[in-house]
Amino acid sequence: MKKLNKKTIFTLLALVLLATLMTACRGDNVQETTTGDTTATATQGEAGAPRRITTGLQSSAVQQFFDGDTFYENRWTRLIMDRLNVEVDVVFTADTATEAFMNQMNMMLITGDVPDVVRHGDANWLVQAQAAGLLMDITDVFERYARPEILAFRDMYPASFEGVTFNGRMYGFPFLNDNFHQGSYLWIRDDWLEYAGRPAPTTIEEMVELARIFTNGDPNGDGSTTFGLALHQDLVLGNVGTLVGLFAGYGVPARGAGGIFFRGSDGNITFSHIQPEVREALALVRDMYAEGLINPEFVTTDMDTITAGFATGRYGMAYHMNWGTWHPFNSAWNSMEVLFRPYPNPVAAGHQLRVGVESNVGGEFFAIGANAQHPEALIEILNLYYEVAVGFEDEYYFMRYWDNEQMRLAPIWIGIPTELHAPHIFQAFEDGGANIAGVARRTWQWAEAFGNRTDVSPSALGTWGQMHVEGQGGSMAIALNIYRPQGALIENVMSAVDRPDVWIQNSSILQTMLETTFTDIIRGTQPLEAFDTFVDNWLLNGGQQTIDELEVILAAAGR
């Protein structure tokens, strides 16, 4: 991992003093720990007095509690005591929707008081805490105590582990990311595709022709105004209705506002949104807009508006990520019981599909405090977590300890990498689930049940779109069975810990420049040549310096 410059103590003090530190401390009359969970097996810890670990938890509005549970005493604290003889002491909770949690983490850098384990997502904090000696080297204890399946994660997700590694030594456990699921897809409304009497498009040209049918025909059967392709006002910033999937079809790996820094055919680093192929894509969208295939009000179409458009039958297609049936295409099902399905991004003639995804270096992590008395207990909790929530045990464990946001109550846990279960789930659709269990079985049951409409709950619909979709596979199948084997997934070479200062300072300015220019070109208020001016200005206003400094950073890191 790259060593970044440390913030001064005065900066941290100013940050903390400027905001109210919202910390929920543990009270004196917390309920005595019970042993209500019936899943206990032989305790892994020493007999006698329990070992104690401390943690701080992120609180948020999504957290759910059952049976009188709290952040401080819940089904996870009871299970850990029952199975491992480990007492979990939650020393603080802080809201991630405000500055409270970040202020708590910054205060740790000042006081040096880091709990035994705490989850965070700021790679700069990790770098500063490690440099200050506030974190523990857990390399050896991880090697000694982690079960084989967890040790194997190092080979499966090397970039994630690199994010918590300094000079070859681990100072935390990574959240683990399936970054392939960030890829883009073309989502098409089922009944409109049937109306068109065409197969799903595989080329850009076929996509445009389908958009014409959706716009100029009467796919709703009521004479209402319809548009072939939905477009969001944030042309590259958001997830749904952006141009990112279209760019991928022109061989440009892009993602979100920050774009993708990647190595071009010459081996040098370049940036997605300045590629000449983007100019081709913008010319196409400009023509589609002029032809009326795109809503002329896209410049004021935010997430609520575009979601309402799907719900009321205005749009037939949109580029989006893999969770489309969770949101926003669920709105079409909820209002009209019509479905959108994912398809691989169509490709322009003469180009190869290249889908941008973020780097797995520098994602979220669980930092281990330097003063932890029982670091082995933290690894044992990971083992336990794998057993009951990630592994292939009885579905009861998954529903009780992972579902309904319960995983967030564990002091250290594994972000369930979906690709571990996908092959088992895909096989279950072939053999009827004869050899599937645990979380994988629950996922298969949801997707299967929605397929035959015996369960139309949000979980069933969302999972169906990701994992099943009769006859073609869901978005996960596209990523794993099409994008990945083709080598179409291109990872951002700039991770959260490799960002040059010039990029941090200038990226918002460059983003505004991009959005303004691209919007004007599409609407015809600037000529296509404005793209060339944008590229020149992007390079002059910090873009080229970012590329140059990134080359130096990655060379030093051996990347």
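Each value, and the rule that gives it
- Residues numbered from 1 in each chain as written.
- Predicted model: local features only at pLDDT ≥ 70, side-chain atom pairs only at ≥ 80, totals over all residues.
- Heavy atoms only, no water.
- Phe/Tyr/Trp six-rings, centres within 6.5 Å; stacked < 30°, edge-to-face > 60°.
- Helix = DSSP H or I, 4+ residues; strand = E, 2+ residues; numbered from the N terminus.
- Buried < 20%, exposed > 50% of the residue type's maximum accessible area, 1.4 Å probe, protein only.
- Pairing = 2+ DSSP bridges.
- Axes fitted to C-alpha atoms, helices over the stretch in contact; angles between N-to-C directions.
- Contact = heavy atoms within 4.5 Å.

Re the packing of aromatic side chains
The description of an aromatic ring pair rests on the distance of the ring centres and on the angle between the ring planes.
Stage number 1. Scanning the model with the defined rule gives 35 aromatic pairs in all.
Stage number 2. Ring geometry for Phe261 and Phe271: centres 4.8 Å apart, planes at 50°, overall tilted. Of the two residues, Phe261 is situated in strand β9 (residues 261-263) and Phe271 in strand β10 (residues 269-271); the sequence distance between them amounts to 10 residues. Of the two residues, Phe261 and Phe271, both sit in the buried class.
Stage number 3. Measuring from ring centre to ring centre gives 5.8 Å for Tyr289 and Phe298, while their planes differ by 85°; the resulting arrangement is edge-to-face. Phe298 shares its class with Tyr289; the two are buried.
Stage number 4. Members of the aromatic cluster, joined through ring pairs, are Trp76, Phe175, Phe366, Tyr385, Tyr401 and Trp413.

Overview of the sheet that holds strand β1 (residues 51-59)
Stage number 1. Ordered by their spatial adjacency, 5 strands build an open sheet running β2-β1-β3-β14-β6, and the pairing between neighbours is mixed. In this open sheet, the two edge strands, each paired with only one partner strand, are β2 (86-95) and β6 (172-174). Ignoring which end each strand starts from, the neighbouring axes of this sheet average 20° apart.
Stage number 2. Where β6 meets strand β14 (residues 365-368), 3 bridges bridge the pair, whose relative direction is antiparallel. For Pro174, the partnering residue across the bridge sits in β14 and is Phe365.
Stage number 3. Running at roughly 160° to β2, helix α2 (residues 75-84) makes contact with β1 and β2 of the sheet.
Stage number 4. Along the sheet, helix α15 (residues 375-390) makes contact with β1, β2, β3 (117-120), β6 and β14, crossing β1 at roughly 60°.

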